[in-house]
Amino acid sequence: MWGGRFAEGPSAIMREINASIPFDKALWRQDIAASKAHVAMLGAQGIVSSADMKAISDGLDAVAAEYEKDGVPEDWDLEDIHMTTESRLAELIGPAAGRLHTARSRNDQVATDFRLWVRETLDQTDAGLASLQRALVTQAEAHADSIMPGFTHLQTAQPVTLGHHLMAYYEMLRRDRSRLQDARDRMNECPLGSAALAGTGFPIDRDATAMALSFDRPTANSLDAVSDRDFALDYLMAASQISLHLSRLAEEFIIWASQPFGFVRMADSLSTGSSIMPQKKNPDAAELVRGHAGRIIGAATSLMITMKGLPLAYSKDMQDDKPPVFEAAGLLALSIAAMTGMVADSTFKTDRMRQAAELGYATATDLADWLVTEADIPFREAHHITGAAVKLAEQRGVALDELSLEDLKAIDARIDERVYAALSVEASVAARKSYGGTAPDQVRNQVTAARVELGMET
């Protein structure tokens with residue numbers, strides 16, 4: 001491959017450190033597609049003959065069929081997927097195979113293949129998130145009225161509905177999907193034709209190859225095109241943010257499934273047992289999703305460090321761009337699938353949730369709000385009065401709505417019997433009817449809008 005420049009072949013060490021075929025063989029479909037687009041353009045421009053163009057295109061189809069059937073062979077002397085394919089093509093069709101590399105370099109070839117792979121992965125990730133959103137919406141609709149404690153600092157704060165809680169994660173995933181779309185829009189330019197770094201003197205048609213590969217346009221600068229890995233970093237940044245959201249949701253399930261909470265019964269299919277404790281049902285899938293977030297974020301950091309000091313244009317360091325992206329993509333796809341199954345197949349213990357919502361004086365804010373609206377007391381004073389009521393309830397070991405009217409009047413004479421209508425958890429969630437609030441009707445509105453957005457039947 002290196003031609004007549006070198007008198008000796010590479011040492012065993014150089015051969016091993018230089019070969020990327022063990023991991024970049026994952027790009028074989030993209031490499032075949034880009035090569036077919038390239039040779040079709042060469043033929044249309046008269047740079048290669050029609051006969052050679054057809055022989056090369058048919059040969060590439062034959063190579064693809066072999067890869068599909070038997071996998072990609074790993075010959076480290078051929079270094080990478082590009083030379084592996086070209087070598088096999090030459091074995092099949094003879095010297096005409098050498099014309100395929102006219103007006104291109106492995107630099108623009110790999111940049112194109114990798115973009116195609118990342119673009120496909122962005123689409124697959126988006127589809128996975130849409131499935132998870134559908135699972136969240138389905139459960140949220142079923143539990144629009146199911147009351148649970150809302151937390152701040154993991155301390156009981158105010159009652160909310162389970163549907164509202166689940167729709168919070170729907171909103172996180174909406175933002176994640178918008179990041180994926182932004183990344184896709186930004187990266188959808190075709191590097192093919194940039195050659196090694198300076199473009200080519202052949203009369204190529206870069207618009208034709210860009211269109212054939214469903215890119216929006218060719219890249220505008222050949223130096224940037226072969227050395228840019230922003231698209232891979234954009235994907236990894238979006239993947240990192242997605243993994244953070246999945247990790248938060250996984251943590252919720254881990255906590256909810258614990259015996260002290262007992263809010264959810266997770267499906268057996270996504271749980272494991274213990275080798276010594278027969279009573280255990282461990283939320284291992286959720287814990288692994290939580291753990292995968294660290295590896296995905298690590299992959300983003302790895303590629304950032306690889307790229308941080310590289311001068312233009314291509315450097316061999318960039319061969320290390322693919323392993324972190326491939327690893328992150330695999331982990332993320334598995335995490336999304338696990339969380340989708342977890343949300344869809346879990347059974348929520350709504351009675352237990354409601355009981356927990358009644359603990360911790362979750363309706364204290366409702367008492368303060370009642371004092372403001374019904375007794376015309378400034379909120380700060382109402383806050384102080386409510387604090388005294390909570391203190392008394394703690395001393396008595398009762399809920400706020402179990403304090404007698406005489407007890408409440410002893411704290412502040414302006415309290416009357418109407419207050420009890422505001423102190424139940426049902427009244428609390430029903431009162432939160434501001435847009436985006438936890439009131440069941442608001443949750444149903446959120447669900448309806450989400451179903452339309454996702455194309456689900458309403």
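Conventions and cut-offs
Residues numbered from 1 in each chain as written. Predicted model: local features only at pLDDT ≥ 70, side-chain atom pairs only at ≥ 80, totals over all residues. Heavy atoms only, no water. Core = buried A, V, L, I, M, F, W, Y, C linked by side-chain atoms within 4.5 Å. Buried < 20%, exposed > 50% of the residue type's maximum accessible area, 1.4 Å probe, protein only. Helix = DSSP H or I, 4+ residues; strand = E, 2+ residues; numbered from the N terminus. Contact = heavy atoms within 4.5 Å. Arc of directions from axis to C-beta. Pairing = 2+ DSSP bridges. Axes fitted to C-alpha atoms, helices over the stretch in contact; angles between N-to-C directions. Parallel < 35°, antiparallel > 145°, perpendicular 65-115°, else oblique. Left-handed = near helix turned anticlockwise from the far one by under 90°. Nonpolar A, V, L, I, M, F, W, Y, C, P; charged D, E, K, R; others polar. Salt bridge = Lys/Arg side-chain N within 4 Å of Asp/Glu carboxyl O. Phe/Tyr/Trp six-rings, centres within 6.5 Å; stacked < 30°, edge-to-face > 60°. Lys NZ or Arg CZ within 6 Å of the ring centre and 35° of its normal. Polar contact = N/O pair within 3.5 Å; in protein donor to acceptor, adjacent residues only side chain to side chain. Patch = residues over 30% accessible without salt bridge, like charges linked within 9 Å, V, L, I, M, F, W, Y side chains within 5 Å. Areas by Shrake-Rupley, 256 points an atom, 1.4 Å probe, with all protein chains shown as cover.

Draft legend 1. Summary view of the nonpolar core. Ranked by size, the top nonpolar core spans 85 residues in total, and within it Val118, Tyr235, Phe253, Trp256, Val325 and Met339 carry the most contacts. Looking at this core, the element that brings in the most residues is helix 10 (residues 230–257), giving 15 residues. What Val325 contacts, discounting residues up to four positions off in sequence, is Phe114, Trp117, Val118, Ala232, Tyr235, Leu236 and Leu303. If you look at the next biggest cluster of nonpolar residues, it comprises 22 residues, including Leu367, Ala368, Leu371 and Ile415.

Draft legend 2. Broad picture of helix 13 (residues 350–358). Of the positions making up helix 13, those classed as buried are Met353, Ala356 and Ala357. Along the axis of helix 13, the buried positions cluster into a sector of 105°, meaning they face one direction only. Contact partners of the buried residues in helix 13: strand 1 (147–152), helix 7 (162–187), strand 6 (347–348) and helix 17 (425–431). After helix 13 finishes, the residue Gly360 shows a positive phi value of roughly 75°.

Draft legend 3. Examining the pairing of strand 1 more closely. In this sheet, strand 2 (residues 155–161) lies alongside strand 1 in antiparallel orientation, the contact comprising six bridges. Paired with Met148 across the strands is Val160, a residue of strand 2. Between the antiparallel neighbours strand 1 and strand 2 lie two residues, among them His153 with a positive phi of about 60°.

Draft legend 4. Highlighting the side chain of Arg229. Note on placement: Arg229 falls in the loop between helix 9 (222–227) and helix 10. A relative accessible area of 1% means that Arg229 is categorised as buried. If near-sequence neighbours (up to four positions away) are discounted, Arg229 is found in contact with Val110, Ala111, Phe114, Met307, Tyr314, Met318 and Asp321.

Draft legend 5. Region of interest: the packing of helix 6 (residues 106–142) against helix 10. Two elements in contact, helix 6 and helix 10, have axes whose closest approach is 10 Å; the angle formed by their N-to-C orientations is 20°. Put simply, helix 6 runs roughly parallel to helix 10. You can see that helix 6 and helix 10 cross each other, and the crossing is left-handed. Of the residues in helix 10, those touching helix 6 at Ala111, Phe114, Arg115, Val118, Thr121, Leu122, Thr125, Leu129 and Leu132 are Phe231, Ala232, Tyr235, Ile242 and Leu246. For the contact of helix 6 with helix 10, the residue count by class is eleven nonpolar, two polar and one charged.

Draft legend 6. Just the pattern of salt bridges, in detail. For the structure shown, the criterion picks out 34 salt bridges. Close ionic contact of Asp61 with Lys36 constitutes a salt bridge, the shortest N to O distance being 2.7 Å. Here Asp61, found in helix 4 (residues 50–70), pairs with Lys36, found in helix 3 (residues 28–44); they are 25 residues apart in sequence, far enough to count as distant. A relative accessible area of 37% places Asp61 in the partly exposed class.

Draft legend 7. Focus on the environment of Ala198. The topology assignment puts Ala198 in the loop between strand 3 (189–190) and helix 8 (206–212). Distance from Ala198 to Ser222, taken between C-alpha atoms, is 5.6 Å for residues 24 residues apart in sequence.

Draft legend 8. Broad picture of the packing of aromatic side chains. Per the stated rule, a full pass over the model turns up ten aromatic pairs. With 6.0 Å between their ring centres and 55° between their planes, Phe151 and Phe261 make a pair best called tilted. Of the two residues, Phe151 sits in strand 1 while Phe261 sits in the loop between helix 10 and strand 5 (264–265), which places them 110 residues apart along the sequence. Consider the rings of Phe261 and Phe263, whose centres lie 5.2 Å apart with planes at 75°: the pair is edge-to-face. An aromatic cluster is built from Phe151, Phe253, Trp256, Phe261, Phe263 and Phe348, whose rings are joined through pairwise contacts. Looking at Lys322, its charged tip hangs above the ring of Phe114, at a distance of 5.3 Å from the centre.

Draft legend 9. Main features of the side chain of Ser20. Looking at the secondary structure, you find Ser20 in the loop between helix 1 (12–18) and helix 2 (21–24). At a separation of 2.4 Å, a polar atom in the side chain of Ser20 contacts the side chain of Asp24. The residues contacting Ser20, other than those within four sequence positions of it, are Glu79, Asp80 and Gln319.

Draft legend 10. Representation of a nonpolar patch on the surface within the structure. A cluster of nonpolar side chains, contributed by Leu197, Leu223 and Leu312, occupies part of the molecular surface with about 260 Å² of accessible area. Considering the arrangement of structural elements, one finds Leu312 in the loop between helix 11 (284–307) and helix 12 (322–345). Residue Leu312 is classed as exposed on the basis of its relative accessible area of 61%.

Taken by themselves, the reported measurements are silent on function.
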